[in-house]
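Summary of the model geometry
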Amino acid sequence: MALRVKGRILVGPEDVRDELWVVGGRITYDRPSLARDVRTVEGWALPGLVDAHCHVGLDRHGAVDAATSEKQAIEDREAGALLLRDAGSPADTRWIDDRADLPKIIRAGRHIARTRRYIRNYAHEIEPEDLVAYVAGEAKRGDGWVKLVGDWIDREAGDLTPCWPRGAVEAAIAEAHRLGARVTAHCFAEDSLRDLVEAGIDCVEHATGLTEETIPLFAERGVAIVPTLVNIATFPRLAAGGEARYPRWSAHMNRLHARRYDTVRAAYDAGIPVFTGTDAGGGLAHGLVGAEVAELVTAGLPPLAALSAATWSARAWLGRPALEEGAPADLVVYEEDPRADVRTLTSPRRIVLNGRVVA
């Protein structure tokens, strides 16, 4: 038995082929000589999309049960997101690894936050003297990533402020790297970014606080960003809800939102690696990766660059194959060329996961 995908196979931005075959769950570009039962799927094929910031096993209240986690993973799969970087979850979702019909997940363990400085029931809430130990623990628990909460509202200051002193993050990031893990951090505001980057961080989530001063630093160090623009769209609602109690924070959130597209475009123009992520699983629905690619285009990224941020370059960044010979057959087939209009990504025709047509 074999699967034939016929049409235009987007192996890379400039590498387009006429067909691929799937045998034993893996891709080959050589027609199998012994295949007698062949199923053919036609269209424009891309590697399975990447949502590099989502949360399977989490909702707005904290950890969820296995049935809800399964539903979240299926929603991502139906949208074509077949590789997920779970950017923090208190739930144990390792059982998903045994399901050939669910997306592959790269976990960052559980969020690590300052005491009373994050969403309740989400994170380990600790003080700076314990940061190294908790980072070491999550580095061993995750899949090569650790997630810090870099800034959050400080109720006494009435605004976003950094969560960690410089020395604590330097020691923690060094320990993660010693253990073979990369580190990322939630950051909305401006003030935490320089310390995190100079401490050696590998990625920043949201990164709405990038400025003319910090963009060159990110570019020089090769620090990636995952803008989560579909989530940043909620800032005005959040700001309105907190305006009476925290007017400084509310105004700050509105400013960050107002310049979000300019921030992302400036980061891309400076050479900062940009990848797609939705922040699904907290207050946001799963299955929005296609909408996030469209948001990157709205921000000013060329369509092919926005597409790569969810496919070829994202998979390379995460150390996972795309449509190479011998790679697991995780791909999405569309009616039309997604390079011509990235909105095509929101309407997959066929989804192939581990060599099986699953949707």
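Going by the structure above, here's the rest.
A brief structural summary. Everything quoted here is computed from the prediction, not taken from an experiment.

Here we take up the pairing of strand β5 (residues 49-54). Most of β5 sits inside the fold, with six of its six residues counted as buried. As paired elements, β5 and strand β8 (residues 81-86) share four bridges and run parallel to each other. When the sheet's bridge partners are listed, L49 is paired in β8 with A81.

In this structure, H206 is a non-glycine residue whose phi angle is positive, near 75°. Summarising the element assignment, H206 is placed in strand β16 (residues 203-206). Even without glycine at this site, N354 takes up a positive phi of about 55°. Tracing the backbone shows N354 in the loop between β19 (350-353) and β20 (356-357). Given a relative accessible area of 25%, N354 falls into the partly exposed group.

Time to look at the environment of A172. Tracing the sequence through the fold places A172 in helix α3 (residues 166-178). A172 sits in the buried class, given a relative accessible area of 1%. Along the sequence, A172 and I201 sit 29 residues apart, while their C-alpha atoms lie 9.8 Å from each other. The residues touching A172, leaving out its near neighbours within four places in the chain, are L131, V132 and V135.

Quick look at a positive patch on the surface now. Residues R116, R120, R155 and R245 make up a contiguous surface patch of positive charge. On the secondary structure map, R155 appears in the loop between β13 (151-154) and β14 (159-162).

Before going further, it helps to spend a moment on helix α1 (residues 66-78). Along its 13 residues, α1 runs 18 Å from first to last C-alpha, staying within 8% of the 18 Å computed at 1.5 Å per residue. Within the span of α1, buried status applies to S69, Q72, A73, D76 and R77. Taken end-on, α1 shows its buried residues confined to a sector of 140°, consistent with a single buried face. Packed against the buried residues of α1 are β5, β6 (58-59), β8 and β19.

Considering the arrangement of structural elements, one finds S89 in the loop between β8 and β9 (104-107). Classification of S89 by relative accessible area gives buried; the value is 4%. Of the polar contacts made by the side chain of S89, one reaches the backbone nitrogen of A91; its length is 3.2 Å. Not counting chain neighbours up to four residues away, the residues in contact with S89 comprise V56, G57, L58, G109, R110, H111 and R141.

A word on the side chain of S250. Looking at the element boundaries, S250 is found in helix α8 (residues 247-258). From its side chain, S250 meets the backbone oxygen of A239 in a polar contact 2.8 Å long. Every residue in contact with S250, bar those within four places of it in the chain, is listed here: A239, A240, G242 and E243.

Here we take up the nonpolar core. Counting 86 residues, the largest nonpolar core has L131, I201 and F218 as its most contacted members. The residues touching L131, leaving out its near neighbours within four places in the chain, are I112, I126, L148, W164, A168, V169 and A172.

One pass over the structure, following the stated rule, counts 26 salt bridges. For R4, the salt bridge is made with E19, and the minimal N-O distance between the two is 2.8 Å. Remark: E19 occurs in strand β2 (residues 16-23) and R4 occurs in strand β1 (residues 2-10); sequence separation between them is 15 residues. Using a relative accessible area of 26% as the deciding quantity, one classes E19 as partly exposed. A salt bridge links K71 to E75, with the shortest nitrogen-to-oxygen separation between them at 2.6 Å.

Taken in spatial order, the three strands of this open sheet run β5-β8-β9, and their pairing is parallel. Edge positions in the sheet fall to β5 and β9, since each has one partner strand and no second. Direction aside, the axes of adjacent strands within the sheet are offset by 20° on average. In this structure, β8 lies alongside β9, joined through four bridges in parallel fashion. Note that in β9 the partner of L83 across the bridge is K104. Across the sheet, α1 touches β5 and β8, and the angle it forms with β8 is around 130°.

All right, on to the state of the cysteines then. Under the defined criterion, the tally for this structure stands at zero disulfides. Not part of a disulfide, C54 finds its nearest cysteine sulfur in C203, a span of 13 Å. Of all cysteine sulfurs in the structure, the one in C163 sits closest to C187, which takes part in no disulfide; the separation is 8.4 Å.

Reading the values: the criteria
- Residues numbered from 1 in each chain as written.
- Predicted model: local features only at pLDDT ≥ 70, side-chain atom pairs only at ≥ 80, totals over all residues.
- Heavy atoms only, no water.
- Buried < 20%, exposed > 50% of the residue type's maximum accessible area, 1.4 Å probe, protein only.
- Helix = DSSP H or I, 4+ residues; strand = E, 2+ residues; numbered from the N terminus.
- Pairing = 2+ DSSP bridges.
- Contact = heavy atoms within 4.5 Å.
- Patch = residues over 30% accessible without salt bridge, like charges linked within 9 Å, V, L, I, M, F, W, Y side chains within 5 Å.
- Areas by Shrake-Rupley, 256 points an atom, 1.4 Å probe, with all protein chains shown as cover.
- Salt bridge = Lys/Arg side-chain N within 4 Å of Asp/Glu carboxyl O.
- Lys, Arg positive; Asp, Glu negative; His and termini not counted.
- Charge placed at Lys NZ, Arg CZ, Asp CG, Glu CD.
- Expected span 1.5 Å × (residues − 1).
- Arc of directions from axis to C-beta.
- Polar contact = N/O pair within 3.5 Å; in protein donor to acceptor, adjacent residues only side chain to side chain.
- Core = buried A, V, L, I, M, F, W, Y, C linked by side-chain atoms within 4.5 Å.
- Axes fitted to C-alpha atoms, helices over the stretch in contact; angles between N-to-C directions.
- Disulfide = S-S within 2.5 Å.

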